[in-house]
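Structural features, examined
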Amino acid sequence: DELRVRQETSGRLGAIASEFELADSPAKVLVVEKSRFTTQRLSEYLSEAEHEVVCADTGERALDLGREQTFDLVIVGIDLGGEDGLRLCSQFRSQVLIQNL
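Residues numbered from 1 in each chain as written. Predicted model: local features only at pLDDT ≥ 70, side-chain atom pairs only at ≥ 80, totals over all residues. Heavy atoms only, no water.

For the rest of this paragraph, the subject is the sheet that holds strand β1 (residues 28–32). As summarised here, the arrangement of the three strands in space is β2-β1-β3, forming an open sheet in which the pairing is parallel. Of all strands in the sheet, those bounded by a partner on one side alone are β2 (52–56) and β3 (73–76). Strand after strand, the sheet turns through a mean of 20 degrees between neighbouring axes, direction not considered. The sheet strands contacting helix α2 (residues 36–48) are β1, β2 and β3, and the helix crosses β2 at an angle near 165 degrees. (Pairing = 2+ DSSP bridges. Helix = DSSP H or I, 4+ residues; strand = E, 2+ residues; numbered from the N terminus. Axes fitted to C-alpha atoms, helices over the stretch in contact; angles between N-to-C directions. Contact = heavy atoms within 4.5 Å.)

For the rest of this paragraph, the subject is the packing of aromatic side chains. Summed over all chains, the structure comprises zero aromatic pairs. Residue placement shows K28 over the ring face of F71; its charged tip is 5.4 Å from the ring centre. (Phe/Tyr/Trp six-rings, centres within 6.5 Å; stacked < 30°, edge-to-face > 60°. Lys NZ or Arg CZ within 6 Å of the ring centre and 35° of its normal.)

Summed over all chains, the structure comprises two salt bridges. For K28, the salt bridge identified is with E52, shortest N-O distance 3.9 Å. Here K28, found in strand β1, pairs with E52, found in strand β2; they are 24 residues apart in sequence, far enough to count as distant. The partner of R67 in a salt bridge is D64, with the nearest N and O atoms 3.0 Å apart. One end of the pair, R67, and the other, D64, are both in helix α3 (residues 59–68), three residues apart, so they sit about a helical turn from each other. (Salt bridge = Lys/Arg side-chain N within 4 Å of Asp/Glu carboxyl O.)

Assignment of secondary structure puts L30 in strand β1. Distance in space between the C-alpha atoms of L30 and E52 is 8.6 Å, their sequence separation being 22 residues. The residues touching L30, leaving out its near neighbours within four places in the chain, are V54, C55, A56, A62, L65, F71, L73, V74, I75 and F92.

Let's shift gears to the pairing of β3. Judged by which residues are buried, β3 turns out to be one-sided: V74 and V76 face inward and are buried, whereas L73 and I75, on the alternate face, are not. The pairing of β1 with β3 spans four bridges and is parallel. Opposite V32, over in β3, you have V76 as the bridge partner. (Buried < 20%, exposed > 50% of the residue type's maximum accessible area, 1.4 Å probe, protein only.)

It is worth spelling out α2 at this point. Taking 1.5 Å of rise per residue, 13 residues should cover 18 Å, and α2 covers 18 Å from first to last C-alpha, within 8% of that figure. Every buried residue belonging to α2 is among T39, S43 and L46, and all of these are buried. Down the axis of α2, the smallest arc covering the buried residues is 75 degrees, so these residues share one side. In α2, the exposed positions that point more than 90 degrees away from the buried face belong to F37, R41, Y45 and E48. (Expected span 1.5 Å × (residues − 1). Arc of directions from axis to C-beta.)

This is the structure we're talking about:
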């Protein structure tokens, strides 16, 4: 939604097109969350919008999945039951598992 607002605002201001292209096609999303309830809710919500959702409950599993598959978006919980979600984001970024992070 934020990207759509930015793109509309850029167009109104006569700015050059945004570097992000908004795709109408479904995205492949990795959800990294310890809470099964939260994971289930996110999966249901994203699946309704026809996105492909893959879930992991540990940082290690998420990194393994990131090495095996390409994701358009990774949603990471801050507290992964003793693991630091922000550190996991840093690991994804340093391993260039996500493009344009």
